[in-house]
Amino acid sequence: MGKSYLLSENISSVFNNCNRAFPTAQLPGRLPHAEIGFDDAQVKNLISMRPNFLRCDVERTLKPKIQFFNAVGFSGNGLAELILRCPDVLRRSVEEHLEPAFKLLRDYLGSDKNIQKALKRCHGLLAANHLKIIEPKFELLRGYGVPDKQIVKLFLKNPRFFMHKTLLERNIARLENFRVQCSPTTLIHAISSIATMSPDTFEAKCMFLKSCGWSEEHIASAFQKTPYFLMSSESKFQAVMDLFVNELGYEPSEVSPKMFGISLEKRLRPRTQVLQILRSNVDLFSFRCPFSNVAVTRISFGYSGLPNYV
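Overview of the structure.

What counts and what doesn't
Residues numbered from 1 in each chain as written. Predicted model: local features only at pLDDT ≥ 70, side-chain atom pairs only at ≥ 80, totals over all residues. Heavy atoms only, no water. Helix = DSSP H or I, 4+ residues; strand = E, 2+ residues; numbered from the N terminus. Buried < 20%, exposed > 50% of the residue type's maximum accessible area, 1.4 Å probe, protein only. Contact = heavy atoms within 4.5 Å. Areas by Shrake-Rupley, 256 points an atom, 1.4 Å probe, with all protein chains shown as cover. Arc of directions from axis to C-beta. Phe/Tyr/Trp six-rings, centres within 6.5 Å; stacked < 30°, edge-to-face > 60°. Lys NZ or Arg CZ within 6 Å of the ring centre and 35° of its normal. Axes fitted to C-alpha atoms, helices over the stretch in contact; angles between N-to-C directions. Parallel < 35°, antiparallel > 145°, perpendicular 65-115°, else oblique. Left-handed = near helix turned anticlockwise from the far one by under 90°. Nonpolar A, V, L, I, M, F, W, Y, C, P; charged D, E, K, R; others polar.

**Things to note about the overall build of the protein chain**
In step 1: Helix and strand counts for the protein chain stand at 19 helices and 0 strands.
In step 2: Split into buried and exposed, the 310 residues of the protein chain put 44% on the buried side.
In step 3: For the protein chain, the proportion of contacts with a sequence separation of at least 24, taken over those separated by at least 6, is 68%.
In step 4: Total accessible area on the protein chain stands at roughly 16900 Å², and carbon and sulfur atoms take up 52% of it.

Listed below in structure tokens is the structure:
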């Protein structure tokens, strides 16, 4: 008989006999479902992760935490999901940890609504060791002139930058090594972009763009203005360059980095075909740079590209 089978049998035995093993008032499974939002399967999952919760006093230990989370906006499935993903929050003292933690997060994120968003993306955010390093991360970005509003956006989008000891610093160092001078408003976008790529992947994409005719300075300048363009694949780089350089006759340095983030078949190719037709008749149309036209919205394209005919 395998060990996994024996373990399963033991867990089942605990669940089947827990009513006899512990007083009714001490079972987390006896918490009113309306208060916590757990179903029977979720209770079993919680106990399988933290069996010693069976010994907790519901009234003195568990209910105060549930009531606290209810008060700050977590209830039903949202609360159940938070506890299942980070069960140790039920071990934390409301007065000594949870309330100070929420106060700290509220000071930085501005509202309970933002705290809820952050916790949904990262349930381990309430761990004590993570809270200690949030302030230095905010101060680091403030030192680069990034407004608090932008820092909060980065926090809500990717809390791991503020939970990991060195992740934020490492990616800022990578930007500095790349000799990119981002403005305070684009820095967080550059950090988010470069963090999605390993150093090898980042270098490979830069080398590919160089093979397409871009210089290192041009790549750095493009990244500084449009950080997310390097998240595109090499095949997308090639397809866009083929369209504008090989088919339309533009120089590689003339291709805007914004083009790499636009659908080739749904927008770039159809719009450039329209513009090429209009370009062939200079009497009817004063041709503009295609990059400003293909990047605009569908309605704006009509008015900017076909001013006399739409």
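**Re helix H12 (residues 167-177)**
In step 1: Buried residues of H12: Leu 167, Leu 168, Asn 171, Ile 172, Arg 174 and Leu 175, and no others. Burial along H12 is one-sided: seen end-on, the buried residues are contained in an arc of 155 degrees.
In step 2: Looking at the buried positions of H12, the neighbouring elements they touch are helix H9 (134-143), helix H11 (160-163), helix H13 (184-195), helix H14 (199-211) and helix H15 (216-225).

**What about the environment of Pro 159?**
In step 1: Mapping Pro 159 onto the fold places it in the loop between helix H10 (148-157) and H11.
In step 2: Here the alpha-carbon distance between Pro 159 and Gly 124, two residues 35 residues apart in the chain, equals 10.0 Å.
In step 3: Residue contacts for Pro 159: discarding those within four places in its chain leaves Ala 118, Arg 121, Cys 122 and Leu 154.

**Points about the packing of aromatic side chains**
In step 1: The final tally for this structure, using the stated rule, is 17 aromatic pairs.
In step 2: Relative to Phe 102, the ring of Phe 68 has its centre 5.2 Å away and its plane inclined at 85 degrees; by these criteria the two rings are edge-to-face. Linking Phe 68 in helix H4 (residues 58-71) with Phe 102 in helix H6 (residues 94-109), this pair joins segments that are 34 residues apart in sequence. Both residues of the pair, Phe 68 and Phe 102, count as buried.
In step 3: Members of the aromatic cluster, each reached through a chain of ring pairs, are Phe 68, Phe 69, Phe 74 and Phe 102.
In step 4: Of note, Arg 174 hangs over the ring of Phe 202, and the distance from its end group to the ring centre comes to 6.0 Å.

**Quick notes on the packing of H4 against H6**
In step 1: Viewed as axis vectors pointing N to C, H4 and H6 meet at an angle of 15 degrees, and their least axial separation amounts to 11 Å. Regarding the angle of H4 to H6, the classification is roughly parallel. Judged by the twist between their axes, the crossing of H4 over H6 is right-handed. Contacts from Pro 64, Lys 65, Phe 68 and Phe 69 in H4 reach Val 94, Leu 98, Glu 99 and Phe 102 in H6.
In step 2: Split by residue class, the contact of H4 with H6 holds 6 nonpolar, no polar and 2 charged.

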